[in-house]
Amino acid sequence: LFDGLYAMAQDDLKQDSVAAIRDGAYDHDQPIPCDCFATGEKWPYVWTRDLSFSVDLGLWRYDAARSRNGLRFKLSGSRVPDASKGPLVMQDTGSGGSWPISTDRVAWFTAARHLLDDKAFADDTWQALTNTLAQDRQYAFDAGMGLYRGETSFLDWREQSYPAWTANDVVFIAQSFALSTNVLHYQALQLAAQMAGERHDARAADYQAQADALKAAINAHFWRADRGMYMSYIGGDGTPYDSYDLLGIALAIDSGVADGERARRTLANYPTWPAGSPVIWPERADQPIYHNRAIWPFVSAYALRAARKTAQPARIAHEIESVMRGAALYGSNMENYELLTQGQHVDEGKLSGPVVNSPRQLWSVAAYFAVVTEGVFGLAEDGHVEPKLPTALVPMLFGTRRSITLKLHDRSITLQLPQSHAGNLLVADRTTTEGTATTVRLKSVQVPDAPLRTGAP
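Residues numbered from 1 in each chain as written. Predicted model: local features only at pLDDT ≥ 70, side-chain atom pairs only at ≥ 80, totals over all residues. Heavy atoms only, no water.

Trainee: I'm lost on empty space enclosed by the protein in this one. Help?
Mentor: Remark: the empty space left among the atoms is shown by a probe the size of a water molecule rolled over them. For the structure on display, the rule yields 1 cavity of 30 Å³ or more. Considering only enclosed or pocket space, the largest cavity measures out at about 60 Å³ in volume. Lining the largest cavity, in full, are L267, A268, Q312, A314, R315, D449, A450, P451, L452 and R453. Put simply, the parts of the chain that give the lining of the largest cavity at least two residues each are helix 11 (260-268) and helix 13 (313-330). Considering only residue class, the lining of the largest cavity consists of 6 nonpolar, 1 polar and 3 charged. (1 Å grid on protein atoms, 1.4 Å probe; cavity = no way out; pocket = protein on both sides within 12 Å on 5 of 7 lines; lining within 4 Å. Points joined across faces, edges and corners; volume = space filled by probe spheres on them. Helix = DSSP H or I, 4+ residues; strand = E, 2+ residues; numbered from the N terminus. Nonpolar A, V, L, I, M, F, W, Y, C, P; charged D, E, K, R; others polar.)

Rendered as structure tokens:
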């Protein structure tokens, strides 16, 4: 089954690899030439956030050229007469409107950072980065709070996650600050500091200072001590809201915005259900299933990344099993699932859902690749192999074998079991590399691990 699901993810990706895209909002739904990734079976177009998170989760390893093509498609000049004519990242629409109500377009740079070995693309990225950051600094940054305004990333259906009265008044969303969107800006500023330094550009120190200040502001405003978690969003005047989202928390951990004990606590305190982790908490009793009361595999993959960084075996196993189970149940990497049953659709009258779902959804395909490459085999972004594999998963992943091997286009990775694995986590004992083949002999260790915090329906 483990082998078959990996093969299925590759087949899903092949079907999403297209020569043209289309959307009813553009050119009367006529095909637009683009050797890139379609977003899914029901979504034959390219969206900035969907592609960006997909590439960041690993699609850059599988088809770098197609990843770059799709990212370039999301660059555009400005129509504003006195603005820079250079490329800017295009913002997807959000529930309150497009940019600057939604400002998570900077997710583009979390994808682009993996593809800078191509000089022409790196130059495009640098221009888009400086222009986009300058524009957001002018229009979306609030100097008093030290934060960027804008809607939560990806959670773009306001009734599902924002106060009910925002259904008819989006001013609050425009004025508010979101954890996920601010973390994405932090990552973009970090990349800008790095690229400026490589180019001996005098702005390097300024970008780094902005990134450091933003990290401090996020920790000052979003941390809620009584919950031991980072809030999903706060009001424009700094009012705290008792609302949390898994993507924002996972990105905060992965980026280093949340570090030390806060990183460990915020993930450990975020609730789970037997089928997986919900993308928002608490759920809304009066809203249909979509972001509300739902599991999204790509968010689970980011939670897996955060669990690996904080060495929480129970959470690592939980997210791996959730993504694998969903793919196995429905014969494709669906976009989302109902939280309690992991169903692709549950009939509950006006609350039925998920309201929209699609097979071979690109970021769900990428999530499955991340489960295999990162979650099981421990392949890090820099190419190092650092397994953190819960021993509870050994029977499912290894069966009767003493070793398993991942074969990528440019390398292979083999994990070898130790004679005994009495601890709760398998990590590298000895790593050897011959040519493009890496072999890791594992050892079993016991690490402190909080039990999963289980939520109630």
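Trainee: How should the pattern of salt bridges be read in this particular structure?
Mentor: Evaluation of the coordinates by the stated rule reveals 25 salt bridges. In this structure, the salt-bridge partner of E319 is R315, at a minimum N-O distance of 2.8 Å. Of this pair, E319 and R315 both sit in helix 13, separated by 4 residues, roughly a single helical turn. R315 gets classed as buried once you look at its relative accessible area, which sits at 2%. Sharing partners across several salt bridges, the network here consists of D56, R113, D254, R305 and E374. (Salt bridge = Lys/Arg side-chain N within 4 Å of Asp/Glu carboxyl O. Buried < 20%, exposed > 50% of the residue type's maximum accessible area, 1.4 Å probe, protein only.)

Trainee: What is the right way to read the sheet that holds strand 16 (residues 403-407) from this model?
Mentor: The strands making up a sheet associate through hydrogen bonds between their backbones, and the pairing can be parallel or antiparallel. The strand order across the open sheet formed by 5 strands is 15-18-19-17-16, and the pairing between neighbours is mixed. Either end of the sheet is taken by a strand with one partner, and the two such strands are strand 15 (389-390) and strand 16. (Pairing = 2+ DSSP bridges.)

Trainee: Explain the environment of E374 to me, please; I cannot follow it from the model alone.
Mentor: Looking at the secondary structure, you find E374 in helix 14 (residues 362-376). If we ignore the near neighbours within four places in the chain, the residues touching E374 are L57, R305, R308, F369 and L379. At 2.7 Å, the side chain of E374 forms a polar contact with the side chain of R305. (Contact = heavy atoms within 4.5 Å. Polar contact = N/O pair within 3.5 Å; in protein donor to acceptor, adjacent residues only side chain to side chain.)

Trainee: Could you clarify how one ought to interpret the packing of aromatic side chains in this entry?
Mentor: Each aromatic ring pair is specified by the distance between its two centres and by the angle formed by the two planes. Under the counting rule described, the total for this entry stands at 29 aromatic pairs. Consider the rings of W223 and Y230, whose centres lie 4.9 Å apart with planes at 70 degrees: the pair is edge-to-face. On the accessibility criterion, Y230 (0% relative accessible area) is buried. Consider the rings of Y290 and W296, whose centres lie 5.2 Å apart with planes at 80 degrees: the pair is edge-to-face. (Phe/Tyr/Trp six-rings, centres within 6.5 Å; stacked < 30°, edge-to-face > 60°.)

Trainee: Mind showing me how you'd approach the state of the cysteines here?
Mentor: Two cysteines, two sulfur atoms, one covalent bond between them: this is a disulfide. One pass over the structure, following the stated rule, counts 1 disulfide. Linked covalently through their sulfurs, C34 and C36 form a disulfide whose S-S length is 2.4 Å. When its relative accessible area of 9% is taken as the criterion, C34 is described as buried. (Disulfide = S-S within 2.5 Å.)

Trainee: Just to check I follow, could you spell out the side chain of S358 for this structure?
Mentor: Structurally, S358 is set in the loop between strand 14 (337-338) and helix 14. A residue is classified by how much of its surface remains accessible, and S358, at 0% relative accessible area, is buried. Separated by 3.3 Å, the side chain of S358 and the backbone nitrogen of E41 make a polar contact. Of the polar contacts made by the side chain of S358, one reaches the backbone nitrogen of K42; its length is 3.0 Å. Filtering out sequence-adjacent residues up to four positions away, S358 remains in contact with G40, E41, K42, W43, N333, M334 and E335.

These values are about where atoms sit, not about what they do.
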